[in-house]
Amino acid sequence: MVARYVYPCYTSAIMCPISPSTTPRRLTGLLLATLIAVAPSAPQRDHATSAVGSGRATNTPSITDSSAVATLRAYATAFANGRYDAMWRLLTPAARAGWGGHAGYATYYQRKFAPVRLRGVTLGAPQGAGSIVRIPLTLDLTWRHGGQPDVLTLLRNLNATLTRTPAGWRVAQGGPLDPEAPIIPPPVPPASAVRVPILMYHHVSDTPPLAYSQVDLTVTAHDFTAQLAYLSTHGYHAIRLVDLFNTLYYGRLLPPRPVILTFDDGYADSYTDAFPLLRRYHMVGAFYIITGLVGTTLGVNTYVTWPQVEAMAAAGMDMESHTVSHPDLGLLDADRDAYELRFSRAVLAGRIHRAVQFMAYPSGAPFRSGTLAAQARIRTILVRYGYIGAVLDPVTPGTQQDARAPYELPRVRVAGATTLAQFAARLNL
Ligand SMILES: [Zn+2]
């Protein structure tokens, strides 16, 4: 369901720290060696229904907010202590789905946070009323042995969502501790691979293409509907790229028959045609936006507007980078390539208030025909500017996704002439 994929947004809430412990402790057996910011009164076990004070989380806390804050405080404290069992008990039943039980849940956190140290946890002011409360949560993390720049700051100021259940307040979404939070790449990727078709679309429209060059790039809305119906009736589950990396890097389970739907270039029909059809089938898609073309018409192509990009992101769709101007990466100089990748990501993240960690190579370059040197240079730039994965437009389509090649994720192109039988066959390449 799309609703499951709604991502915790950044907020502008003023951050208020948890009362720090007087003496940071080093706990043996924990991956998080440095423990800070645990309230002295913070519970060590499941105190979800206890009325722990909200500390400095809000100036005038209500009883309701205080209990939600206390629960999140207990959840974050359990994380800082490596008490994954306590975290598990504080989850809503829905949030416990997809882990394969408590053991898979613990393994995920151990693996994801192995490369970092936790210096502190901070709660912001609660928002909302009634049975749903959102609270900004910040993890103050540093790399243990160095790591990719600009990744750990993405785990700051993300909304956690708490809901009131008959058993008390529970964590429905953990903000930076949620499985949909930004990926922390391991220094050495594990030798893991999984078969997940990443479908590659461009136009989805019943409007006849205005140029011959658009014919193969255009899947009719009729055909696209038939493809989504096929996926739905054959047990496929549309997942996000973050789900793929949760599996590749941390071993989290995938649903049966996972598939990723991607849409390149950000054409206006991404919003008018693809987006509503995805919603009709309760599926999520990733849209690769050329930020310099948003809101423009260039030749025969009209592109989405920023309000449309924001609306799709708010509805749970992923908005990822496709550079600023869709150049052939690898042909330009390093400064221009860096500009294309750095600014497209920054502009997009600023608009949608979400992390942008993935990109699609324009026309697949330089991985379709570029030199090895050009490919190595682009990979270096992608790491430097905060990308943790990139999808190809490969000459040979494939579905085998490998943790050791995160910047070369193969895709399967769906073209205007693709029949439903061909579509079904390509899911199993
Ligand atoms: Zn493109």
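Okay, so let's go over this structure. (Residues numbered from 1 in each chain as written. Predicted model: local features only at pLDDT ≥ 70, side-chain atom pairs only at ≥ 80, totals over all residues.)

## Remarks on the overall build of the chain
Step number 1: When helices and strands are counted, the chain shows ten helices and 19 strands.
Step number 2: Every one of the 429 residues in the chain was classed for burial, and the buried ones make up 44%. (Helix = DSSP H or I, 4+ residues; strand = E, 2+ residues; numbered from the N terminus. Buried ≥ 20, exposed ≤ 12 C-beta atoms within 10 Å, placed from the backbone.)

## With respect to the packing of helix 8 (residues 334-352) against helix 9 (residues 372-384)
Step number 1: At their nearest, the axes of helix 8 and helix 9 sit 10 Å apart, and the two run at 45° to each other. Here helix 9 runs oblique to helix 8, going by the angle between their axes. Viewed along their axes, helix 8 and helix 9 form a crossing whose handedness is right-handed. Contact with helix 8, carried on its side by Ala334, Asp337, Ala338 and Leu341, involves Arg377, Ile378, Ile381 and Leu382 of helix 9 and no other residues of that element.
Step number 2: Partitioning the contact of helix 8 with helix 9 into residue classes produces six nonpolar, no polar and two charged. (Axes fitted to C-alpha atoms, helices over the stretch in contact; angles between N-to-C directions. Parallel < 35°, antiparallel > 145°, perpendicular 65-115°, else oblique. Left-handed = near helix turned anticlockwise from the far one by under 90°. Contact = placed C-beta atoms within 7 Å. Nonpolar A, V, L, I, M, F, W, Y, C, P; charged D, E, K, R; others polar.)

## Regarding the packing of helix 4 (residues 221-233) against helix 6 (residues 268-280)
Step number 1: Where helix 4 meets helix 6, the axes come as close as 10 Å, and the angle between the chain directions of the two elements is 20°. With respect to their mutual orientation, helix 4 and helix 6 come out roughly parallel. Viewed along their axes, helix 4 and helix 6 form a crossing whose handedness is right-handed. Mapping the contact onto sequence places Ala221, Phe224, Thr225 and Leu228 in helix 4 and Asp273, Ala274 and Leu277 in helix 6.
Step number 2: The residue makeup of the contact of helix 4 with helix 6, split by class, is five nonpolar, one polar and one charged.

## Overview of unusual backbone geometry
Step number 1: Here the residue pair Ala365 and Pro366 is connected by a cis peptide bond, since its omega of 5° sits within 30 degrees of zero.
Step number 2: Here Pro366 is to be found in the loop between strand 16 (358-360) and helix 9.
Step number 3: With phi around 65°, Asp150 is a residue other than glycine that occupies positive phi space.
Step number 4: Locating Asp150 in the fold gives a position in the loop between strand 3 (132-143) and strand 4 (158-165).
Step number 5: On the neighbour-count criterion, Asp150 (16 C-beta atoms within 10 Å) is partly exposed.
Step number 6: The backbone of His282 sits at a positive phi, close to 55°, despite the residue not being glycine.
Step number 7: Positionally, His282 belongs in the loop between helix 6 and strand 12 (285-289).
Step number 8: His282 gets classed as partly exposed once you count the C-beta atoms within 10 Å, which come to 15.

## A closer look at helix 5 (residues 241-250)
An α-helix turns once every 3.6 residues. As a result, residues three or four positions apart point the same way.
Step number 1: When you tally the buried positions in helix 5, you get ten out of ten residues, the bulk of the element.
Step number 2: Where helix 5 is concerned, the buried positions are Leu241, Val242, Asp243, Leu244, Phe245, Asn246, Thr247, Leu248, Tyr249 and Tyr250.
Step number 3: At the C-terminal side of helix 5, Gly251 shows a positive phi close to 80°.

## Here we look at helix 9
Step number 1: Over its 13 residues, helix 9 runs 18 Å from end to end, which matches the ideal 18 Å to within 8%, given 1.5 Å per residue.
Step number 2: Remark: Gly386 follows helix 9 within two positions and exhibits a positive phi of approximately 90°. (Expected span 1.5 Å × (residues − 1).)

## Points about the nonpolar core
Step number 1: In terms of nonpolar packing, the biggest core is built from 105 residues, with Leu72, Tyr75, Ile135, Tyr201, Ile260, Met319 and Ala390 touching the most fellow members.
Step number 2: In terms of domain composition, this core takes at least three residues from each of domain 1 (47-177) and domain 2 (193-426). (Core = buried A, V, L, I, M, F, W, Y, C linked by C-beta atoms within 7 Å. Domains from an automatic or database assignment.)

## Considering the environment of Leu91
Step number 1: Note that Leu91 resides in the loop between helix 2 (84-89) and helix 3 (102-112).
Step number 2: Accessibility expressed as a C-beta count within 10 Å gives 19 for Leu91, which makes it partly exposed.
Step number 3: With sequence-adjacent residues up to four places away left out, Leu91 is seen in contact with Arg96, Arg170 and Val171.

## Looking at the pairing of strand 5 (residues 168-173)
Step number 1: For strand 4 and strand 5, the ladder comprises five bridges, and the chain directions are antiparallel. Directly across from Thr161, in strand 5, lies its bridge partner Gln173.
Step number 2: Connecting strand 4 to the antiparallel partner strand 5 that follows it, the hairpin turn spans two residues. (Pairing = 2+ DSSP bridges.)

## Details of the pairing of strand 3
Step number 1: Here strand 2 (residues 116-124) pairs with strand 3 via seven bridges, running antiparallel. Bridge pairing links Val116 to Trp143 in strand 3.
Step number 2: Here six bridges tie strand 3 to strand 4, and the two strands are oriented antiparallel to one another. Bridging from a neighbouring strand, Val133 pairs with Leu162 of strand 4.

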